[in-house]
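The lines below spell out each chain.
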Amino acid sequence: MIDKDIKSMSPEELRGEMEEMGEKKFRAGQIYDWMHVKLARDFSEMTNLSEGLRRKLKERYTYTALETVQVQESRIDGTKKFLFRLEDGNLVESVWMQYKHGNSVCISSQVGCRMGCRFCASTLDGLERNLTPSEMLDQIYVITRQTGQRVSNVVVMGTGEPLDNYDNLLRFIRMLTDENGLHISQRNITVSTCGIVPGIYRLAEEKLQITLALSLHASTDEKRQELMPIAKRYSISELMEACAFYFAKTGRRVSFEYSLVGGVNDTQEDAQRLAGLAGPLGCHINLIPVNPIKERSFVQSEARQIQAFKNKLEKNKINVTIRREMGRDIDGACGQLRRRHMT
Ligand code: SAH
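Undergrad: I would appreciate a short explanation of the site of the ligand in the present structure.
TA: For the ligand, the set of nearby residues contains 18 residues, the closest of which are Gly160, Ser192, Ser215, His217 and Asn291. Between the ligand and Ser192 there is a distance of 2.6 Å, counted from an oxygen atom to a side-chain nitrogen or oxygen. A distance of 2.8 Å separates a nitrogen atom of the ligand from a polar backbone atom of Asn291. Protein chains bury 94% of the 530 Å² of accessible surface belonging to the ligand in isolation. Counting only elements with at least two residues in the shell around the ligand, the list comes to strand S8 (189–193) and strand S10 (255–260).

Undergrad: For this particular structure, what's the right way to read the environment of Arg118?
TA: Note on placement: Arg118 falls in the loop between strand S5 (110–112) and strand S6 (127–130). Once residues within four sequence positions are removed from consideration, Arg118 is found in contact with Glu226, Leu227, Arg296 and Phe298.

Undergrad: Whenever I open this one, helix H6 (residues 197–204) confuses me. Can you help?
TA: Residue pairs spaced three or four apart in an α-helix point in one direction, given the helix's 3.6 residues per turn. What H6 keeps buried is the set Val197, Gly199, Ile200, Leu203 and Ala204. The arc enclosing the buried residues of H6, seen along the axis, measures out at 160 degrees, which places them on a common side. Each element contacted by the buried residues of H6 is listed here: helix H5 (166–177), S8, strand S9 (211–215) and helix H8 (236–250).

Undergrad: Looking at this structure, I do not really get the packing of aromatic side chains. What am I missing?
TA: For any pair of aromatic rings, the description consists of the separation of the ring centres together with the inter-plane angle of the planes. For the coordinates displayed, the defined rule picks out 4 aromatic pairs. With a centroid separation of 5.7 Å and an interplanar angle of 15 degrees, the aromatic rings of Phe82 and Phe84 are classed as stacked. Like Phe82, the residue Phe84 is buried in the burial classification. Their ring planes at 50 degrees and their centres at 4.9 Å tell us that Tyr201 and Phe245 sit as a pair that is tilted. With a gap of 44 residues between them, Tyr201 in helix H6 and Phe245 in helix H8 connect regions that are remote in the sequence. Lying over the aromatic face of Trp34, Lys38 brings its terminal NZ or CZ to 4.4 Å of the ring centre.

Undergrad: I'm lost on a negative patch on the surface in this one. Help?
TA: On the surface, Asp221, Glu222, Glu226, Glu238 and Glu241 cluster together into a negatively charged patch. Mapped onto the negative patch, the elements with two or more residues apiece are helix H7 (221–227) and H8. Along the polypeptide, Glu226 turns up in helix H7. On the basis of relative accessible area, Glu226 is assigned to the exposed category, the value being 52%.

Undergrad: What's the story with helix H1 (residues 11–20) in this structure? I'm lost.
TA: Within the span of H1, buried status applies to Pro11, Leu14, Glu17 and Met18. Axial view of H1: buried residues confined to an arc of 115 degrees, hence all on one face. In this fold, the buried residues of H1 make contact with helix H2 (26–36) and helix H3 (51–60).

Undergrad: Would you mind going over the pattern of salt bridges with me for this structure?
TA: It is possible for side chains bearing opposite charge to pair when their charged atoms get close. Using the criterion set out here, one finds 20 salt bridges in the structure. A salt bridge links Arg174 to Glu206, with the shortest nitrogen-to-oxygen separation between them at 2.9 Å. Pair noted here: Arg174 is in helix H5 and Glu206 is in the loop between H6 and S9, with a separation of 32 residues, a long-range link. In this structure, Arg323 engages Glu257 in a salt bridge whose closest nitrogen and oxygen atoms are separated by 3.4 Å. With Arg323 in the loop between strand S12 (320–322) and helix H11 (336–342) and Glu257 in strand S10, this residue pair connects regions lying 66 residues apart in the sequence. On the accessibility criterion, Arg323 (27% relative accessible area) is partly exposed.

Undergrad: Help me out: how do you make sense of the nonpolar core in this one?
TA: One recurring pattern in soluble globular proteins: nonpolar side chains tend to sit buried together. Ranked by internal contacts, the top residues of the largest apolar core, which has 97 residues, are Ile6, Leu57, Ile140, Phe172, Phe256 and Ile285. Here this core gets 7 residues from one element, more than from any other, and that element is H5. Sequence-distant contacts of Phe172, that is, excluding residues within four places in its chain, are made with Ile107, Pro133, Met136, Leu137, Ile140, Val154 and Val156.

Undergrad: Which parts of the structure should I look at to understand the packing of helix H4 (residues 133–147) against H5?
TA: When two helices pack together, their arrangement is captured by the angle between the axes and the distance separating the axes. Two elements in contact, H4 and H5, have axes separated by 8 Å at closest approach and are oriented at 45 degrees. Relative to H5, the element H4 lies oblique. Crossing angle aside, the handedness with which H4 passes H5 is right-handed. Here Pro133, Met136, Leu137 and Ile140 of H4 come into contact with H5, specifically with Asn168, Leu169, Arg171, Phe172, Met175 and Leu176. Per-class residue counts for the contact of H4 with H5 are 8 nonpolar, 1 polar and 1 charged.

Undergrad: I tried to follow the pairing of strand S3 (residues 91–99) on my own but got confused; where do I start?
TA: Two faces make up the sheet, and in a regular strand the side chains alternate between them. Judged by how many residues are buried, S3 sits mostly within the fold: 7 of 9 residues are covered. Pairing geometry for strand S2 (residues 80–85) and S3, over 6 bridges, is antiparallel. Residue pairing for S3: Lys81 is matched across the bridge by Val95. Taken together, S2 and the strand that follows it, S3, pair antiparallel across an intervening segment of 5 residues, in which Gly89 is found at a positive phi of about 95 degrees.

Analysis parameters
Residues numbered from 1 in each chain as written. Predicted model: local features only at pLDDT ≥ 70, side-chain atom pairs only at ≥ 80, totals over all residues. Heavy atoms only, no water. Near = heavy atom within 4 Å. Polar contact = N/O pair within 3.5 Å; in protein donor to acceptor, adjacent residues only side chain to side chain. Areas by Shrake-Rupley, 256 points an atom, 1.4 Å probe, with all protein chains shown as cover. Helix = DSSP H or I, 4+ residues; strand = E, 2+ residues; numbered from the N terminus. Contact = heavy atoms within 4.5 Å. Buried < 20%, exposed > 50% of the residue type's maximum accessible area, 1.4 Å probe, protein only. Arc of directions from axis to C-beta. Phe/Tyr/Trp six-rings, centres within 6.5 Å; stacked < 30°, edge-to-face > 60°. Lys NZ or Arg CZ within 6 Å of the ring centre and 35° of its normal. Patch = residues over 30% accessible without salt bridge, like charges linked within 9 Å, V, L, I, M, F, W, Y side chains within 5 Å. Salt bridge = Lys/Arg side-chain N within 4 Å of Asp/Glu carboxyl O. Lys, Arg positive; Asp, Glu negative; His and termini not counted. Charge placed at Lys NZ, Arg CZ, Asp CG, Glu CD. Core = buried A, V, L, I, M, F, W, Y, C linked by side-chain atoms within 4.5 Å. Axes fitted to C-alpha atoms, helices over the stretch in contact; angles between N-to-C directions. Parallel < 35°, antiparallel > 145°, perpendicular 65-115°, else oblique. Left-handed = near helix turned anticlockwise from the far one by under 90°. Nonpolar A, V, L, I, M, F, W, Y, C, P; charged D, E, K, R; others polar. Pairing = 2+ DSSP bridges.

The values reported here are purely geometric and, on their own, carry no functional implication.
Below, the structure written as structure tokens:
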């Protein structure tokens, strides 16, 4: 797949390609810069290349350029949700958020998802396919071009399970942080996983400085299994061991995401047990009031219940934030915009 997809090639691979084509090696640097810094939409923009070379490139390679189908802007906080069409007609969504510390983009890593989390809209139709590295990168590139503003933070928290698309994810991270590309700091990248244990161990060995976020959502195996099928494969204690290993290897603390579902995982006992898991690992906890989807009957916890849950964690000296609900008025929950378009 990478052998035709020029925008998924590393600088070294691109140099090899130029050599093979009988071109000067420095052409690779020029082309890489057009693709990953100047964010060109096609070969015709690459005006310092001869027309002949541009034509040859066009014949030889595919050039990923996502088509923007729709942009919704929140009137509350300026959050923008983008719906993109891929070359094969599939749709993916990304979200652009403005914070005091910079602009953040939430990207999708797969078309659909096969993890089956009960509260999530992205998984309702299963997995369609993995996204290529260039398709992940281009979500950021198109948004950068359209907003005219630099993206400083990237979270892989849109549709899909990133560790279920491991090789493409790694290539994407390396290219996004490469000094020849947008050069986004690894520390400003967060990868969120539902908890694929072997993937966490593998990621720990990559020597990256990214943040790993674990979607925990429950403090007992029994409750977690009700919400997330993956919990039947890996127990919470196996997960905690993997998180400890990740921290030991990278020096980066894992953070926990915990979606509060009314009457399911939001009691004081839940908070106490959660504190028991997060405390030893020094984990930050991000509480997310569940975003109800119409296909399921889950409801948000009461505001008072959420506050009491947070207080309980803080009493146990856990670092906790309640996720600001950005873009509530524009189909906030992952996968909702895409689904509405499909039906
Ligand atoms: N597959 C990855 C990343 C995508 S989901 C993961 O599971 O972490 C990003 C986060 O949003 C996860 O914590 C996920 O559990 C959560 N999420 C999904 N649907 C949600 C909803 N309707 N309400 C609240 N959180 C949701």
